[in-house]
Amino acid sequence: KPIRIKKICCIGAGYVGGPTSAVIASKNPDIQVTVVDYNRERIEAWQTDDLPIYEPGLLDVVRAARDAKSKRTPNLFFSTDVDRCIAEADLILLSVNTPTKSLGRGAGHASELSYLESAVRKIGEVAESNKIIVEKSTVPCRAADTLRDVLAATAKPGIHFEILSNPEFLAEGTAIPNLLNPDRILIGSLKTPRGLQAAQALADVYGAWVDHDRIITINLYSSELAKLAANALLAQRISSVNALSAMCESVGADIDEVSYAIGLDKRIGSRMLKASVGFGGSCFRKDILSLAYIAESLHLFEVADYWRSIVEINEYQKDRFTRRIVRCLYNSLSGKTLAVWGFAYKKDTGDTRETAAISVVDNVLTEGANVRIYDPLVKETQIRQELKSTTSRLGCAEKQLVVCDSAYEACTGADAVIILTEWDEFSNRSEVVRRDSGHGKKTKARSERKVDWARAAEVMRRPMFVFDGRNIVDAGALEELGFRVECIGKA
Ligand code: NAD
Ligand code: UGA
């Protein structure tokens, strides 16, 4: 008999749990979806219009399912009452963080599964009825076996738990369109009757808005590995292009032209081939290191080295970018001022986890530069926190750092502009950008003027440099204003 899901509990109210649950709830009015987290502040923010994460279009989807309206009963809830919500649910989405381990065996490489384990222990303790448990978090291969083992030891007798893998492929900044129109939904299950029945129940939840031919059901362990593999291949494209960008700078080729030419081959495709100062974000690095660690623990050392080289090229690219800044500024940053435009790891997100900006800012502080940072979305406390926890220098370089409210303020007295995030407003290519609504107080669709580069030039020191870590500027136009422009992968 098919299982019909009536109540879903999502554990983890972060970048994946929040948007995914909101879309599931908005498309399934008959299913009650509750997102739980032990972080009270985060849960309270989800209950307001000042959401804890910025994601274009998110607030509209959340409001549609969360807020009472004449024709619709709310079916999206946020709560810290983890026990009750687990007990009531038929299906539980595990969307907790799985960062790189920081202690003990595998530190700096393996995935930290303790958050997942503690969520599953909790399920074992409080469940009074059968549950389908879904790995939405990105996990190492065979994590499902670990979860099954924990449940077997903690659960009350007679209760059945079926574990599915349903990895998430959304990218931040485009989470809502990605969730509404996914390339595929992957559901991994055991091929037992109960496994297949659970997979079908989850497929039916997605079937409310995703075509059936895009919902793929595969083996549980293939699904776990496919997620790590997808991120590794996406990052591998960026590292490949970034490696080529180093060659371009020496041979007089232009990496944007090279990427364009390569991407026209349908077998390659044009996406994820944009050269940059280096990829950031919470997942690429950690997932590749996790994949490499798994390979190593299987004694597949060449395989581990292959994947790890993607991360190594990324580190090289960030370093190379800083070295170029130092070289162009006459081999010394001491007493110089750098305007850093953008701190988020990509545009349209306020997320700064693993952003390339951390390494670049750390490096230039070490060289003695004064740094003035502006990011349209990231707040000063977050920038300082990120640098404090990650960089070697900030303790003694606090005075070298100023966080500014505008791109112009950042340029005051600066010798160079360093573009680290591809925010539309930094480009000099077209006029006006509209940013979508979606983040609390910034809900009114903001129409944003692009930066007026001539105005920025007025307050800078001469000679003025631009180091474009995202290749978003029209270098010729800036050169007419008197800037010396250095782009990635262009001589
Ligand atoms: P996040 O840190 O934003 O959110 C995780 C949340 O889980 C936190 O709010 C934390 O308080 C909560 N949590 C942890 N343990 C808990 C527990 N035992 N009980 C209740 N709450 C608990 O993380 P994220 O970016 O949403 O990523 C979650 C997972 O999804 C990771 O495995 C990640 O690799 C994967 N993923 C992330 C993205 C992305 O774009 N961020 C995309 C695809 C997959
Ligand atoms: C990435 C994947 O794209 C998602 O499919 C996946 O679900 C997610 O990781 C995850 O597992 O967390 P995300 O990191 O949010 O999503 O964003 P991307 O658009 O992939 O960008 C990652 C980094 O690579 C950013 O710093 C971006 O600026 C950089 N990038 C991206 C490039 O340098 N060049 C490109 O061509 C594309």
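Because the structure is a prediction, the values reported are computed rather than measured.

For the rest of this paragraph, the subject is the nonpolar core. Formed by 66 residues in total, the largest nonpolar core has its most connected members in Trp341 and Trp453. Among the elements that take part in this core, helix H13 (residues 356-366) stands out by supplying 7 residues, more than any other. In contact with Trp453, other than residues within four places in its own chain, are Trp341, Val417, Ile419, Phe426, Ser427, Asn428, Val466, Val473, Leu478, Leu481 and Phe483. Core analysis: the next-biggest nonpolar cluster, separate from the first, contains 44 residues, Ala22, Ala65, Phe78 and Val205 among them.

Moving on to the domain arrangement of the protein. Segmentation of the protein into domains returns domain 1 (7-210) and domain 2 (254-487). Between domain 1 and domain 2, the C-alpha centre-to-centre distance is 32 Å. Across the interface of domain 1 and domain 2, roughly 2,100 Å² is buried in total on both sides, 52% from carbon and sulfur atoms. Looking at the side of domain 1 facing domain 2, the largest losses of area belong to Tyr54, His109 and Glu172, adding up to 36% of the total buried there. Here domain 1 and domain 2 share 1 salt bridge between them. Close ionic contact of Arg353 with Glu172 constitutes a salt bridge, the shortest N to O distance being 3.5 Å. On the surface where domain 1 and domain 2 come into contact, there are 6 residue pairs in polar contact (both at pLDDT 80 or more).

Moving on to the pattern of salt bridges. Taken as a whole, this structure holds 32 salt bridges when the rule is applied. One salt bridge connects Arg66 with Asp67, and the closest N-O pair in it is separated by 2.7 Å. For Arg384, the salt bridge is made with Glu380, and the minimal N-O distance between the two is 2.9 Å. Placement of both Arg384 and Glu380 in helix H14 (residues 380-390) is noted, with a separation of 4 residues, approximately one turn of the helix.

In the vicinity of ligand 1 there are 26 residues, among which Asp37, Arg42, Thr98, Glu172 and Lys286 approach most closely. The contact in question runs from an oxygen atom of ligand 1 to an N or O atom on the side chain of Arg42, over 2.7 Å. Here Glu172 contributes a side-chain N or O atom positioned 2.9 Å from a nitrogen atom of ligand 1. Relative to its unbound accessible area of 830 Å², ligand 1 is 93% covered by the protein chains. Per-element accounting of the shell around ligand 1 gives the leading share, 3 residues, to helix H5 (residues 114-126). For the shell around ligand 1, the class distribution of residues is 10 nonpolar, 9 polar and 7 charged.

Taken together, 20 residues lie near ligand 2, and Leu170, Ser276, Cys283, Tyr345 and Arg470 sit nearest. In this structure, Gly280 approaches ligand 2 through a main-chain N or O atom, which is 2.9 Å from an oxygen atom. A distance of 2.7 Å is found between an oxygen atom of ligand 2 and a side-chain nitrogen or oxygen belonging to Arg470. Alone, ligand 2 offers 700 Å² of accessible surface; in the complex the protein occludes 88% of this. Here the element with the most residues in the shell around ligand 2 is helix H9 (residues 220-251); it accounts for 4 residues. Of the residues that constitute the shell around ligand 2, the class distribution is 11 nonpolar, 3 polar and 6 charged. Shared between two domains, the shell around ligand 2 holds at least three residues of each, these being domain 1 (7-210) and domain 2 (254-487).

Another point: H5. Because an α-helix packs 3.6 residues into every turn, residues spaced three or four apart end up facing the same way. In this model, H5 (13 residues) spans 18 Å end to end at C-alpha, consistent with the 18 Å of a helix rising 1.5 Å per residue. For H5, the complete set of buried residues consists of Leu116, Ala119, Val120, Ile123, Gly124 and Val126.

Taken as a whole, the protein shows an average pLDDT of 94; of its residues, 95% reach a score of 70 or greater. Ignoring residues within four places in sequence, the model shows residues 431-447, a span with pLDDT below 50, making 49 contacts including any to other chains. Here the complex is predicted with pTM 0.95, and the ipTM for its interfaces comes to 0.99.

All right, on to the sheet that holds strand S12 (residues 416-419) then. As summarised here, the arrangement of the 6 strands in space is S11-S10-S9-S12-S15-S16, forming an open sheet in which the pairing is parallel. The strands lining the two open edges of the sheet, one partner per strand, are strand S11 (401-403) and strand S16 (483-487). Pairwise comparison of adjacent strand axes, ignoring direction, gives a mean angle of 20° for this sheet. Examined bridge by bridge, strand S15 (residues 464-468) and S16 share 5 bridges and lie parallel to one another. The residue of S16 that forms the bridge with Met464 is Phe483. Helix H12 (residues 301-328) contacts strand S9 (337-341), S12, S15 and S16 of the sheet and is inclined by roughly 170° relative to S15.

Conventions and cut-offs
For every chain, the first residue of the written sequence is number 1, and numbering continues from 1 onward in sequence order. For naming, the first written chain is A and the first written ligand is 1, with later ones following in the order written. Whole-chain, interface and lining totals are the exception, using all residues; otherwise, since this is a predicted model, local features are given only for residues with pLDDT of at least 70 and side-chain atom pairs are given and counted only at 80 or more. Each side-chain value is worked out from all heavy atoms of the structure, with water and hydrogens disregarded. Only buried residues count toward a nonpolar core, which is a set of Ala, Val, Leu, Ile, Met, Phe, Trp, Tyr and Cys residues joined through side-chain atoms within 4.5 Å. Categorising residues by exposure relies on relative accessible area from a 1.4 Å probe, with only protein chains included: less than 20% of the type maximum marks a residue as buried, more than 50% marks it as exposed, and the intermediate range marks it as partly exposed. In this description a helix means any DSSP run of H or I spanning at least four residues, a strand means any run of E spanning at least two, and both kinds are numbered starting from the N terminus. By the convention used here, residues are in contact when the closest approach between their heavy atoms is within 4.5 Å. What counts as a domain boundary in this text is fixed by an automatic or database domain assignment. A 1.4 Å probe defines the accessible area here, and the buried area is the portion of it lost by two parts on being joined, summed over both. A pairing counts as a salt bridge when a side-chain nitrogen of Lys or Arg comes within 4 Å of a carboxyl oxygen of Asp or Glu. We call two N or O atoms a polar contact when they sit within 3.5 Å, provided that within protein one can donate a hydrogen and the other can accept it, with sequence-adjacent residues counted only if both atoms are side-chain atoms. Residues are classed as near a molecule or strand on a simple rule: at least one heavy atom within 4 Å of it. The accessible surface values rely on the Shrake-Rupley method and a 1.4 Å probe; as for residues, cover is taken only from the protein chains in view. Amino acids outside the nonpolar list (Ala, Val, Leu, Ile, Met, Phe, Trp, Tyr, Cys, Pro) and the charged list (Asp, Glu, Lys, Arg) are all regarded as polar, and Gly is one of them. Helices are assigned an expected span. That span is 1.5 Å times one less than the residue count. Residue-level confidence of the predictor, termed pLDDT, takes values from 0 up to 100. In this analysis, strands are considered paired if DSSP registers two or more bridges between them. Note on method: axes are straight lines fitted to C-alpha atoms, helices fitted across the in-contact stretch only, with angles between N-to-C directions ranging 0 to 180 degrees.

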